[in-house]
Amino acid sequence: MSTNILKIRCKLFAISILFFLQMGTPLKIISASELYIAVASNFLTPINILKQEFELEHKTKIFISSGSSGSLYSQIINGAPLDIFLSGDQDLPQKLEFSEKGIKGTRFTYATGKLLIFSTNENLFKKNFPQVLLSNHIKYIGIGNPEYVPYGNAAKQVLKSLNLFDELSPKLILSKNVNQVFVMSYFGNLDLGFVSKSDFLIKNQKGKIWDIPQKLYSPIKQDVILLKNGKYKEKAREFLRFLSSTNTREKLKKFGYVTD
């Protein structure tokens, strides 16, 4: 074998070893010490506050991926390397629990959300619920897309319970998540918006809300589940224990969630 060929093979071997070290070992270290959590958009502000506390106590780093529950579910099904899923409903975590993507026995309800109607249109402020929905001052009503937004599905249930869904359908503006409904309502792009109580308590500085009787829609129970990618991460299981703790549940009440 010539000296030149030997040198080339040695270089290729060295490059292969370097590539393996760069692509293999660091990834294992990162996956063991960092958490990747998918969070329904309505829970983004609370999770960012809880994230800071958990990172400080447990000497770890959490990366948040937020969006509608449906879009996050699709990412998980398609192989996104996420460790934990905090959904805005129960159905999607249940589906994951009975698939290879979720870990059975780790799912639980971490919070129950509340639905409100919100507006900054002063022409509506003196109206009562549900009459406000039929006001002549309303052109646009915002709800999350019921197909993949749990709070949007709850809004649809309310309108159907009131026998108003068909009548008001031409006025409905479907948003990709419940946070978007709040923002559009806040800046006057919508006359009314079906929003989460959490968004109103955290972000509102103006406007009016109308409470919606619970009997008009199913409780918005929000479940969390450990995903396959986080199965062997002790930090992931520690986070689930942290999320279910009495201290955390008391904090979530201040954000408008029911935790009992």
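Computed from a predicted structure; not experimentally measured. (Residues numbered from 1 in each chain as written. Predicted model: local features only at pLDDT ≥ 70, side-chain atom pairs only at ≥ 80, totals over all residues. Heavy atoms only, no water.)

Comments concerning the overall build of the protein
At step 1: Helix and strand counts for the protein stand at eleven helices and ten strands.
At step 2: On the protein, roughly 13700 Å² of surface is accessible, and the fraction owed to carbon and sulfur atoms is 55%. (Helix = DSSP H or I, 4+ residues; strand = E, 2+ residues; numbered from the N terminus. Areas by Shrake-Rupley, 256 points an atom, 1.4 Å probe, with all protein chains shown as cover.)

Quick word on the pairing of strand S5 (residues 115-119)
Within a regular beta strand, the side chains point alternately toward one face of the sheet and then the other, so they alternate between its two faces.
At step 1: Within S5, five of the five residues are buried, leaving the element largely enclosed by the surrounding structure.
At step 2: The alternating pattern of S5 places Leu115, Ile117 and Ser119 on one face and Leu116 and Phe118 on the opposite face, and all of these are buried.
At step 3: Relative to strand S8 (residues 192-196), S5 is paired through four bridges, and the arrangement is antiparallel. Within S8, the position partnered with Phe118 by the bridge is Gly193.
At step 4: Alignment of S5 against strand S9 (residues 208-211), held across four bridges, turns out to be antiparallel. Its bridge partner being in S9, Leu116 is matched across the sheet by Asp211. (Buried < 20%, exposed > 50% of the residue type's maximum accessible area, 1.4 Å probe, protein only. Pairing = 2+ DSSP bridges.)

Considering the sheet that holds strand S3 (residues 84-86)
At step 1: With mixed pairing, five strands are arranged side by side in an open sheet as S2-S1-S3-S10-S4. Lying at the two open borders of the sheet, with one neighbouring strand each, are strand S2 (61-67) and strand S4 (108-113). Mean inter-strand twist for the sheet, computed between neighbouring axes without regard to direction, equals 20°.
At step 2: Relative to strand S10 (residues 220-226), S4 runs antiparallel, the two being bridged by five bridges. Bridge pairing in S10 places Thr112 opposite Lys221.
At step 3: Against the sheet, helix H4 (residues 69-77) engages strand S1 (34-40), S2 and S3, with an angle of about 120° to S2. (Axes fitted to C-alpha atoms, helices over the stretch in contact; angles between N-to-C directions. Contact = heavy atoms within 4.5 Å.)

Thoughts on the packing of aromatic side chains
At step 1: Summed over all chains, the structure comprises ten aromatic pairs.
At step 2: Ring geometry for Tyr36 against Phe63: centres 5.1 Å apart, planes inclined by 15°, an arrangement best described as stacked. In this pair, Tyr36 is assigned in strand S1 and Phe63 in strand S2, connecting sequence segments 27 residues apart.
At step 3: Look at Tyr36 and you get partly exposed, because its relative accessible area is 25%.
At step 4: Accessibility expressed as a relative area gives 34% for Phe63, which makes it partly exposed.
At step 5: Directly above the aromatic system of Tyr186 lies the positively charged group of Lys206, at a separation of 4.7 Å from the ring centroid.
At step 6: Taking the ring centre of Trp210 as reference, the NZ or CZ of Lys208 above it sits at 5.3 Å. (Phe/Tyr/Trp six-rings, centres within 6.5 Å; stacked < 30°, edge-to-face > 60°. Lys NZ or Arg CZ within 6 Å of the ring centre and 35° of its normal.)

Regarding the pairing of S10
At step 1: In terms of residue burial, S10 counts as a mostly covered element, since six of its seven residues are buried.
At step 2: Alignment of S3 against S10, held across three bridges, turns out to be antiparallel. Bridge assignment links Phe85 to a residue of S10, and that residue is Ile225.

Section: the confidence of the model for the protein
At step 1: Per-residue pLDDT for the protein averages 89, and the proportion of residues at 70 or more is 88%.
At step 2: pLDDT under 50 marks residues 5-31. Its contacts with residues more than four places away, or in other chains, come to seven contacts. (pLDDT = per-residue confidence, 0-100.)

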